[in-house]
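# Topology and contacts: notes
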Amino acid sequence: MKDNFKKEGKYSYFEAGEGTPIIVLHGLMGGLSNFDGVATFFPKEGYKVVIPELPIYTQNILKTNVKAFSKYVKDFITFKGYDKVILLGNSLGGHIALYHTKMYPEKMAGLVITGSSGLYESAMGDSYPKRGDYEYIRKKAEDVFYDPNIATKEIIDDVYNTVNDRIKLIKTLTIAKSAIRHNMAKDLPKMTTPTCIIWGKNDKVTPPEVAEEFDRLLPNSDLYWIDKCGHAAMMEHPDEFNRLLFDWLKKSNL
């Protein structure tokens, strides 16, 4: 991924391929590498994959919210000179993609959400995060996946370091409150952008009924399941995730 990493102005991002842009939005604790499978597969199939680093922990606290992140994405799309894009978001990234679709539908060719917040917010909150307790963080990180072994020591250490950084912790909690404030239930029925919903059948963070609710409320959506899969389908089952998404893009003429 490093070979295709760029920094221009205030934007840092991965970019590969040519064709219709698929802009990928990572989650709260997620990194660009979560989408290695997408970044490898879709450039070979005639798409441009672009993964910006979202300013989750670097913006002013007043701009640390779903609405401001959506505006950041819109400004990035304008900066890159794209006409219409496909947005793909996981977890908080899905929520940002949904809010962007509500605010800037003219920029949207298609929307893809997986394990998205926006309707159900245990994705962010309840007892989490507990500072200092490595075992608790390890269990939380493992719960993200159907196969706990995918939560490598590197992933667990990243989450642990984030919640033990005072500024990052404050911003994490600020984002969690923002996610609850920006619940999308009333907005979804008015959003007609073609939407692909890919969900893990064993997602403990945003359970399967959340995907069903997204599918029920969105007027132009298709829902696909991945078995033995948790909250990050594109990490846990990258080949199946890519196949489902590619078939949907073809079916939708995107």
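Here the structure is a predicted model, which means the values were calculated and not measured.

## What to know about the packing of aromatic side chains
Within the structure shown, the criterion is met by ten aromatic pairs. Both rings, one in Y134 and one in Y160, keep their centres 5.1 Å apart while their planes meet at 65 degrees; by these two values the pair is edge-to-face. One end of the pair, Y134, is in helix 4 (residues 134–143); the other, Y160, is in helix 5 (residues 153–163), and 26 residues separate them in sequence. Classification of Y160 by relative accessible area gives partly exposed; the value is 22%. Taking 6.0 Å as the distance between ring centres and 50 degrees as the angle between the ring planes, the aromatic pair formed by W199 and F214 counts as tilted. With W199 in strand 7 (residues 195–200) and F214 in helix 7 (residues 208–217), this pair connects stretches of sequence that are 15 residues apart. Residue F214 is classed as buried on the basis of its relative accessible area of 0%. Grouping aromatic residues by their ring pairs yields a cluster made of Y11, Y13, Y72, F76 and F79.

## So, the packing of helix 4 against helix 5
Helix 5 packs onto helix 4 with a crossing angle of 120 degrees between their chain directions and a minimal axis gap of 9 Å. As summarised for this structure, helix 4 and helix 5 are arranged oblique, according to the angle between their axes. Like other packed secondary-structure pairs, helix 4 and helix 5 cross with a definite hand, here right-handed. In this structure, helix 4 contributes Y134, I137, R138 and A141 to the contact, and helix 5 contributes K153, I156, D157, V159, Y160 and V163. Within the contact of helix 4 with helix 5, the residues separate by chemical class into seven nonpolar, no polar and three charged.

## A closer look at the side chain of H231
Among the secondary structure elements, H231 is positioned in the loop between strand 8 (221–226) and helix 8 (233–236). At 2.9 Å, the side chain of H231 forms a polar contact with the side chain of S91. What H231 contacts, discounting residues up to four positions off in sequence, is N90, S91, G115, V144, D203, V205 and T206.

## Looking at the pattern of salt bridges
Within this structure, the stated rule accounts for 16 salt bridges. Measuring nitrogen to oxygen at the nearest pair gives 2.5 Å for the salt bridge that ties E135 to R138. With a gap of three residues between them, E135 and R138 both fall in helix 4, about one helical turn apart. E135 sits in the partly exposed class, given a relative accessible area of 45%.

## As for the confidence of the model for the chain
The predicted model of the chain has a mean per-residue pLDDT of 92, with 95% of residues at 70 or higher. Across residues 123–127, confidence stays below pLDDT 50; counting only partners more than four residues off in sequence or on other chains, it has eleven contacts.

## Section: the sheet that holds strand 3 (residues 20–25)
Taken together, the eight strands give an open sheet; going across it, the order is 1-2-4-3-5-6-7-8, and neighbouring strands pair in mixed fashion. Edge positions in the sheet fall to strand 1 (5–8) and strand 8, since each of these pairs with one other strand and no more. Sheet twist, expressed as the mean angle between neighbouring strand axes with direction ignored, is 20 degrees. Looking at chain direction, strand 3 and strand 5 (residues 85–90) are connected through four bridges and run parallel. Within strand 5, the residue paired with V24 across the bridge is L88. Helix 2 (residues 66–80) contacts strand 1, strand 2 (11–16), strand 3, strand 4 (47–52) and strand 5 of the sheet and is inclined by roughly 60 degrees relative to strand 2.

## Some remarks on unusual backbone geometry
Even without being glycine, K228 reaches a positive phi, approximately 50 degrees. Relative to the helices and strands, K228 resides in the loop between strand 8 and helix 8. One non-glycine residue, N253, lies in positive phi territory at about 55 degrees. Positionally, N253 belongs in the segment after helix 9 (238–251).

The rules behind each value
Residues numbered from 1 in each chain as written. Predicted model: local features only at pLDDT ≥ 70, side-chain atom pairs only at ≥ 80, totals over all residues. Heavy atoms only, no water. Phe/Tyr/Trp six-rings, centres within 6.5 Å; stacked < 30°, edge-to-face > 60°. Helix = DSSP H or I, 4+ residues; strand = E, 2+ residues; numbered from the N terminus. Buried < 20%, exposed > 50% of the residue type's maximum accessible area, 1.4 Å probe, protein only. Axes fitted to C-alpha atoms, helices over the stretch in contact; angles between N-to-C directions. Parallel < 35°, antiparallel > 145°, perpendicular 65-115°, else oblique. Left-handed = near helix turned anticlockwise from the far one by under 90°. Contact = heavy atoms within 4.5 Å. Nonpolar A, V, L, I, M, F, W, Y, C, P; charged D, E, K, R; others polar. Polar contact = N/O pair within 3.5 Å; in protein donor to acceptor, adjacent residues only side chain to side chain. Salt bridge = Lys/Arg side-chain N within 4 Å of Asp/Glu carboxyl O. pLDDT = per-residue confidence, 0-100. Pairing = 2+ DSSP bridges.

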